[in-house]
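# Analysis of the macromolecular model
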Amino acid sequence: MLGRSAVAAPFKSSYPLVDRSKTPLKFRGVATTPMTELFISYARSTEKEVALIAECLRSLGYSVWRDDELPAHRAYGEVIEERLNGAKAVVVLWSADAAKSHWVRAEADTARTLGKLVQVSLDGTSPPLPFNQIHCGDLSGWSGDLDAPSWRKLRDSLAELAGEAKPVAPASTPAHGQKLSICVLPFENMSGDPDQAYFSDGISEDIITDLSKVSALAVVARQTAFNFRGCGMEVPALARKLGVSHILEGSVRKHGGRVRITAQLIDGNSGDQIWAERYDRDLTDIFALQDEISATIVAVLKVKLLPSERKAIQERGTDNVDAYNLYLMARQIWIAGNHGDIRREEKVVRICRRALEIDPDYARAWALMAIAQSGIRYGFGRAGDDGTDAARKALSIDPRLADAHCALIRRLIEEKRYEEAEAEVAEALRYNPDSWELNKEAVRLHCRQKHLEESAYYLKRCTEMDETDFYNRGMLITYYHALGRREELECTSLKALQLAELALEDDPENIAALSLGAKALAALGDERTTAWMDRALLLDPDNLNLRYNFATAFATHLGQKDSALALLRSSLGVATGTLISWAKVDPDVDCLRGNEEFEAILAEAESRAAKLQRGSASSH
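Just so you know, these numbers come straight off a predicted model, no measurement behind them. (Residues numbered from 1 in each chain as written. Predicted model: local features only at pLDDT ≥ 70, side-chain atom pairs only at ≥ 80, totals over all residues. Heavy atoms only, no water.)

Another aspect to go through is the overall build of the protein. When its secondary structure is counted, the protein shows 26 helices and 13 strands. The proportion of buried residues among the 620 residues of the protein is 52%. (Helix = DSSP H or I, 4+ residues; strand = E, 2+ residues; numbered from the N terminus. Buried < 20%, exposed > 50% of the residue type's maximum accessible area, 1.4 Å probe, protein only.)

At a minimum axis separation of 11 Å, helix α23 (residues 544-556) and helix α25 (residues 578-585) run at an interaxial angle of 10 degrees. Comparing their axes, α25 and α23 come out roughly parallel. Crossing handedness for the pair α23 and α25: right-handed. Judged by residue contacts, L544, N545 and Y548 of α23 engage L579, W582 and A583 from α25. (Axes fitted to C-alpha atoms, helices over the stretch in contact; angles between N-to-C directions. Parallel < 35°, antiparallel > 145°, perpendicular 65-115°, else oblique. Left-handed = near helix turned anticlockwise from the far one by under 90°. Contact = heavy atoms within 4.5 Å.)

With that out of the way, let us pick up the sheet that holds strand β3 (residues 37-41). Pairing in this open sheet of five strands is parallel, and the strands run β4-β3-β5-β6-β7 from one edge to the other. The sheet is open, and its two borders are formed by β4 (63-65) and β7 (137-138), each paired with just one other strand. Judged from the five bridges that link them, strand β5 (residues 89-94) and strand β6 (residues 117-121) form a sheet pairing that is parallel. Bridge pairing in β6 places L93 opposite V120. Of the strands in this sheet, β3, β5 and β6 touch helix α4 (residues 102-114), which is tilted by about 145 degrees from β5. (Pairing = 2+ DSSP bridges.)

The full count for this structure, using the stated rule, is 27 salt bridges. The partner of D280 in a salt bridge is R278, with the nearest N and O atoms 3.5 Å apart. Taking relative accessible area as the criterion, D280 reaches 32% and is therefore assigned partly exposed. (Salt bridge = Lys/Arg side-chain N within 4 Å of Asp/Glu carboxyl O.)

We now examine the pairing of strand β13 (residues 273-282). Where strand β12 (residues 258-267) meets β13, nine bridges bridge the pair, whose relative direction is antiparallel. Directly across from L265, in β13, lies its bridge partner W275. The antiparallel hairpin formed by β12 and β13 contains five residues in its connecting segment, where G271 sits at a positive phi of about 85 degrees.

Glancing now at the environment of C447. With respect to the helices and strands, C447 occurs in helix α17 (residues 436-448). For the pair C447 and M475, spaced 28 residues apart in sequence, the C-alpha separation works out to 9.9 Å. Setting aside chain neighbours within four positions, we find C447 in contact with S455, M475, Y479, W582 and V585.

Attention now goes to the packing of aromatic side chains. This structure, assessed with the given rule, holds four aromatic pairs. The interplanar angle of 35 degrees and the centroid separation of 5.6 Å between the aromatic rings of W94 and F131 together place this pair among those described as tilted. In this pair, W94 sits in strand β5 while F131 sits in the loop between β6 and β7, placing the two residues 37 residues apart along the sequence. Look at Y327 and Y362: their rings are 5.5 Å apart centre to centre, the planes differ by 50 degrees, and that puts the pair in the tilted class. Here the residue Y327 occupies a position in helix α11 (residues 321-336), and Y362 occupies one in the loop between α12 (342-358) and α13 (363-379), the gap between them amounting to 35 residues. Each member of the pair, Y327 as well as Y362, is classed as buried. Over the aromatic face of W334 sits the side chain of R344, whose NZ or CZ is 3.9 Å from the ring centroid. (Phe/Tyr/Trp six-rings, centres within 6.5 Å; stacked < 30°, edge-to-face > 60°. Lys NZ or Arg CZ within 6 Å of the ring centre and 35° of its normal.)

Moving on to the pairing of strand β11 (residues 246-255). Burial analysis of β11 places seven of its ten residues in the buried class, the great majority of the element. Direction of pairing for strand β8 (residues 180-184) relative to β11: parallel, over a ladder of three bridges. When the sheet's bridge partners are listed, I182 is paired in β11 with H246. As paired strands, strand β9 (residues 188-189) and β11 are joined by two bridges and run parallel to one another. In the strand pairing of β11, N189 is matched with V252.

This part is about α4. An α-helix turns once per 3.6 residues; consequently, residues spaced three or four apart project the same way. With 13 residues, α4 extends 18 Å from end C-alpha to end C-alpha; this agrees with the ideal 18 Å at 1.5 Å per step. Those residues of α4 lying buried are W103, V104, E107, A108, A111 and L114. Around the axis of α4, the buried residues are gathered within 135 degrees of arc, so they sit on the same side. If you check the start of α4, you find a side-chain oxygen 3.3 Å away from the backbone N of V104, and it comes from S101. Directly after α4, the chain includes G115, whose backbone phi takes a positive value near 75 degrees. (Expected span 1.5 Å × (residues − 1). Arc of directions from axis to C-beta. Polar contact = N/O pair within 3.5 Å; in protein donor to acceptor, adjacent residues only side chain to side chain.)

Moving on, we come to a negative patch on the surface. Together, E505, D506, D507 and E509 line one region of the surface with negative charge. Structurally, E505 is set in helix α20 (residues 486-506). For E505, a relative accessible area of 63% gives the class exposed. (Patch = residues over 30% accessible without salt bridge, like charges linked within 9 Å, V, L, I, M, F, W, Y side chains within 5 Å. Areas by Shrake-Rupley, 256 points an atom, 1.4 Å probe, with all protein chains shown as cover. Lys, Arg positive; Asp, Glu negative; His and termini not counted. Charge placed at Lys NZ, Arg CZ, Asp CG, Glu CD.)

Attention shifts here to the side chain of K440. Note that K440 resides in helix α17. If we ignore the near neighbours within four places in the chain, the residues touching K440 are W334, C462 and N472.

One finds L248 and L572 to be the most contacted residues of the largest nonpolar core, which totals 149 residues. Setting aside anything within four residues of it in sequence, one finds L572 in contact with Y548, L579, I580, A583, I601, L602, A605 and R608. I40, A54, L93 and L122 belong to the second-largest nonpolar core, a separate cluster that totals 25 residues. (Core = buried A, V, L, I, M, F, W, Y, C linked by side-chain atoms within 4.5 Å.)

A few words on the side chain of R410. Tracing the backbone through its elements, the reader meets R410 in helix α15 (residues 406-414). Filtering out sequence-adjacent residues up to four positions away, R410 remains in contact with S374, G375, Y378, G379, E441, R444 and T578.

Interpretation note: all reported values are geometric properties and have no functional meaning in isolation.
In structure tokens:
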């Protein structure tokens, strides 16, 4: 599922119906009772209309599913296929964008084959071939009137396919045979040193990883859970928002060679504490302590572990506490460091190398080092190792380590081997669909191919996983503008500006925050834009990415082409590698394509990069 468009139920189908009323659905091996479920397929640009239709269908008593309800702990393709096959009817909501989306078409084709397609036009767009041969309702301009003839027609079609709607029982604690679910909130750093936050975050992340290995337990992904750090919500409200039955929270205090961890498990329905414990141990016992916490949670929830799951929980990747501590430090630098500053990547490589000197078989350290090396080679145009050797080493130790594929994907993209890159992305996402790094590579892949909708989808995924993600939020502004999604563009720009201002309170010289903030201000038409740009360029005048980004803001949002071209001359005029490749596909400079000066700048940059590449190849 790439750059998805969501799922819906079609109008009366001329194809034979399939009786699934007695066929149990499969939910990761657990049989559940089939529901009167409608699956909605749509394009993102019609989110408002789709939300209204879904709510009205629910008010009739139907259980409605669309991809805004994708659980964070499961593989996307698996969920989509399961929901499509299990739905009684699939409602495809056609629009101009949906008709162009191969994801909507694929879902519509599956529904047509299964004989449960219902289709509606939201803007008068006719369904593409071969769906134009099947009746399509028209909800253009519909505002929620349940007595409107067009709505009654949809309702009657659904009744024929899915049966009359039945009231849906309110959610409560998991019924017998259904999965328990849990969200592990980031443990609070109680060490008195903000620099030790990487350790408490790492402990939380590893507990999430442990619990995710239990097939009978659904676990909210790390990135989603960490978005609720310090949110202050009451537990029942948070549990309802996340759709989980339990919440785990706690704290970590690390001092010298000792560590104290407190943890409490809370019932998401009542808010009652059902288990709590405090552990005081030597730091050398940290792995055994994590195993004990995970095993205790499983026991308290009365979840049965398979032998293979018990063994998987005990696999840490390293038995060396010092190597583990260094890896957590490197990962925190990678996540929270200044994007666009090569020193971030260099620190990660240096720390990972030290961890690997201690434990040469630490696959996670090999994988993280590979990602950083790939960034140095392709992101900053430095000659040398592109991380593929380290990535292959990681996979030789742990073939299921999803992030180890990132450097391999990056090389394939840079070599324009897009089909191979897409296959590599698909394989890696099967192991971990919630990897921020993998989703970022999916962004890169689709951006290079000018797949606007798919690019926006994966960019949104990245920002959902990491609430503080500057870089991808800035790119999301680019793609919402290119797709003409004005409301989403404004919301994203306001959120980006808020994040930038918060970051600048902590570090007034944060170049990434200044860059993102200036772009957001430009998109919002705010007069402070040029002041932010001037400040950033004064602090980091040699930053080519900064100059390029400001050029695109002048071109796309401020309409100042002369200023844009001047900055492009000073960035593309000396750039190599990735920046030039990006300029060839960047929607933000589409308004300059055909401009003689822009085309000359780009052609000269491409020629210079080609010469450097030939020289590098001949030297080897």
